Every structure is written in C-alpha cells, then in structure tokens.
Amino acid sequence: ARACLPDSAAAAALLEPGAARKLLLTAALRHHVAVVKHLVELTYVQQHVDAATLASVLEQLLVANAVKPGTIHGDKAIITSFCVKQLCRLPAAQQLSSTAMIRLLQAADCCDNGAAWSTDELCKLPAAAIISSEALLELLQTAVDTDNQRSAAAFCQLPAAAPTAP
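Values in this document were obtained by computation on a predicted structure and should not be read as measured data. (Residues numbered from 1 in each chain as written. Predicted model: local features only at pLDDT ≥ 70, side-chain atom pairs only at ≥ 80, totals over all residues. Heavy atoms only, no water.)

Caption draft 1: Quick look at the packing of aromatic side chains. Taken as a whole, this structure holds 0 aromatic pairs when the rule is applied. Directly above the ring of Phe82 sits Lys37, whose terminal nitrogen or CZ lies 5.1 Å from the centroid. (Phe/Tyr/Trp six-rings, centres within 6.5 Å; stacked < 30°, edge-to-face > 60°. Lys NZ or Arg CZ within 6 Å of the ring centre and 35° of its normal.)

Caption draft 2: Representation of the pattern of salt bridges in the model. What the rule picks out here adds up to 5 salt bridges. Residues Glu59 and Arg103 are paired through a salt bridge, measuring 3.5 Å at the closest nitrogen-oxygen approach. With Glu59 in helix α5 (residues 51-67) and Arg103 in helix α7 (residues 98-110), this pair connects stretches of sequence that are 44 residues apart. Taking relative accessible area as the criterion, Glu59 reaches 22% and is therefore assigned partly exposed. Overall, Arg103 belongs to the partly exposed group, its relative accessible area being 37%. (Salt bridge = Lys/Arg side-chain N within 4 Å of Asp/Glu carboxyl O. Helix = DSSP H or I, 4+ residues; strand = E, 2+ residues; numbered from the N terminus. Buried < 20%, exposed > 50% of the residue type's maximum accessible area, 1.4 Å probe, protein only.)

Caption draft 3: Structural view of the side chain of Thr119. Tracing the chain through its elements places Thr119 in helix α8 (residues 117-123). Filtering out sequence-adjacent residues up to four positions away, Thr119 remains in contact with Leu105, Ala108, Asp109, Ser151, Ala154 and Phe155. (Contact = heavy atoms within 4.5 Å.)

This is how it looks when you write it as structure tokens:
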C-alpha cells in the first residue's frame, strides 16, 4: 500500500488515527498479510490501534487461515505468525474484552494446526484470563472434537480451567 503513495502522502494519511485503523483493517479484510506486517511495524499505527480494531484485524487473519485450512504455507504463514504475535503485543491487546477473546480463541481453534501458535499468543493476554469456565468448556470441547491438542493444552493453562475448592 505504501509503495502506491508518495512518502509524504502516505505519512500524511497515517497521521489521522482513523485512517491508520481503517488501512490496517482493510489490509486484514483483504488478507494482505504483507501490508498488515508493514503497518504493524509502524510506531504511529501501533499507538492508534484500539481494542475493537485489533480484535477485528486478528479475527480476519485467523479466519483467513480457517477458511482455507492447510493452504497458508511458507512465507505467508511466517508473515501471518509474525503479524499475530506483533498485534498481541500492542497496547490495545491489553484492553480486549472477554467476549472478543472468546471469538478470537474460537477462530484460532478452527485454524489448521500449523497455525496453533495463535492460540498460544492469545492465551497470554489478560482477556484470556477472565473468560468464564462455561466459555472455556465450550472451547475445550471444540478443541477435543477437532483433535487440536495444542489448543486444548493452551486452554487448560487458563485460570478458568483451575479446579475450584469444594
């Protein structure tokens, strides 16, 4: 995307927080992971992504992999992995809601096992620690039904999986 605009025009466009969020979301919706990777590396974009935009971008990256299981290979898989990891490190990731986290974990669990790294990254975020035991039970059931051992193991490490005192 940046190569299409002169440097000054690209910089001016990204000075508007709404434009930066919209560009990031558009790149994710169109599954342009190389563009998402570039945008996520920009400090200005990192500072202006809100929790809602972050959740949408992450969900789009995960859904792209779930829709075409096993088709993301090589460089694209590496870039997608990098994007998810970088997005999970943004300040907005600390503000994701438990509802958004459940949707993200469901999307990650539907991914091909080659992308199970996303579940590991998501489970490190604060919102994963506050999902309910009922929601976790549903996530675990799906992981077991789809034989996704890595997701099931990650889910078992969450606080909602801890046994309760009698």
